[in-house]
Amino acid sequence: MSTQAPDPFTTLLDLNSGSLDPERKVVERRLSDMAGMHLEGYADGTADTVIYSVHEIPVPTTNSNLMSSTTVIQPGKVGQEYYMTKGHFHNIRDRAEIYIGLSGEGCLVMATEDGQYTVETIRRGTINYVPGGWAHRSVNVGDEPLVFFAVYPGDAGYNYGTIEEEGFPVLVVAGEDGPEVVPNPRYKDAAASEAG
Ligand code: PAN
Ligand code: ZN
């Protein structure tokens with residue numbers, strides 16, 4: 001079939017832990033995979049710490065299929081900045097996405113290439129809409145794992161490079177009274193991010 005539709009199937013999602021049954025493809029991201037993404041460097045000896053895992057339900061990567069995954073971000077900080085995902089634009093920029101919050105407390109930072117941004121809440125029961133053209137990064141601001149489900153067109157793909165080079169306009173940091181959104185001093189500052 002030209003749409004490459006798979007046969008119907010069902011997956012069981014543990015709403016607390018984010019794990020799937022059956023598990024098909026799990027990607028783990030460690031502090032070493034996040035080098036340069038937090039403002040501060042991570043502490044010596046912590047490179048192998050798992051920051052988040054993505055449990056994917058793979059389907060053929062065509063526009064007629066819906067890819068989905070559950071992300072589990074561990075609680076923790078690098079300096080004052082919370083553990084978070086790398087963040088990305090979609091490779092096909094106009095592809096949208098929906099996040100459904102399952103457990104924990106988090107933020108979804110979204111930004112356009114020209115610097116518009118918004119920071120939305122992720123928690124059990126939130127449904128976040130990520131429009132096409134908006135880069136997105138999720139941040140665990142709580143003490144428990146942050147778990148959310150995501151669904152997006154199968155051909156969306158990932159562009160990590162733009163965020164690796166430019167960052168997001170804002171950071172989410174732990175302030176005296178809880179999470180705070182502050183300007184990113186290195187936003188679009190190639191020289192600073194290379195030095196950092
Ligand atoms: C999500 C993300 C997932 C991990 O499934 O891929 O939360 O974040 P990074 O891909 O930025 O490491 C999604 O937005 N998919 O399109
Ligand atoms: Zn995405």
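Quick summary incoming for the structure in this document. (Residues numbered from 1 in each chain as written. Chains lettered and ligands numbered in written order. Predicted model: local features only at pLDDT ≥ 70, side-chain atom pairs only at ≥ 80, totals over all residues. Heavy atoms only, no water.)

Looking now at the site of ligand 1. Taken together, 16 residues surround ligand 1, and among them Tyr52, Thr71, Gly87, Tyr99 and Tyr160 come closest. Here an oxygen atom of ligand 1 and a side-chain polar atom of His90 are 3.1 Å apart. Because more than half of its atoms lie within 2 Å of the grid, ligand 1 is assigned to the largest pocket. Those elements that place two or more of their residues in the shell around ligand 1 are strand S4 (50–57), strand S5 (66–73), strand S8 (97–103) and strand S13 (146–153). Residues of the shell around ligand 1, tallied by class, amount to seven nonpolar, seven polar and two charged. (Near = heavy atom within 4 Å. Polar contact = N/O pair within 3.5 Å; in protein donor to acceptor, adjacent residues only side chain to side chain. 1 Å grid on protein atoms, 1.4 Å probe; cavity = no way out; pocket = protein on both sides within 12 Å on 5 of 7 lines; lining within 4 Å. Sits in = over half its atoms within 2 Å of the grid points. Helix = DSSP H or I, 4+ residues; strand = E, 2+ residues; numbered from the N terminus. Nonpolar A, V, L, I, M, F, W, Y, C, P; charged D, E, K, R; others polar.)

Turning our eyes to something else, we now look at the environment of Gly104. Along the polypeptide, Gly104 turns up in the loop between S8 and strand S9 (105–111). When the C-alpha positions of Gly104 and Val78 are compared, they lie 19 Å apart, and in sequence the two are 26 residues distant. Setting aside residues no more than four positions away along its own chain, Gly104 makes contact with Ile122, Arg123, Arg124, Pro145 and Leu146. (Contact = heavy atoms within 4.5 Å.)

We now examine empty space enclosed by the protein. Following the criterion strictly, the structure yields two cavities of 30 Å³ or more and no others. Looking at the largest cavity, its volume works out to about 60 Å³. Around the largest cavity, the lining residues are Phe89, Ala111, Thr112, Glu113, Ala135, Ile163, Glu166, Gly167, Phe168, Pro169, Tyr187 and Lys188. In terms of residue class, the lining of the largest cavity is made up of seven nonpolar, two polar and three charged. Here the second largest cavity defines a volume of roughly 40 Å³. (Points joined across faces, edges and corners; volume = space filled by probe spheres on them.)

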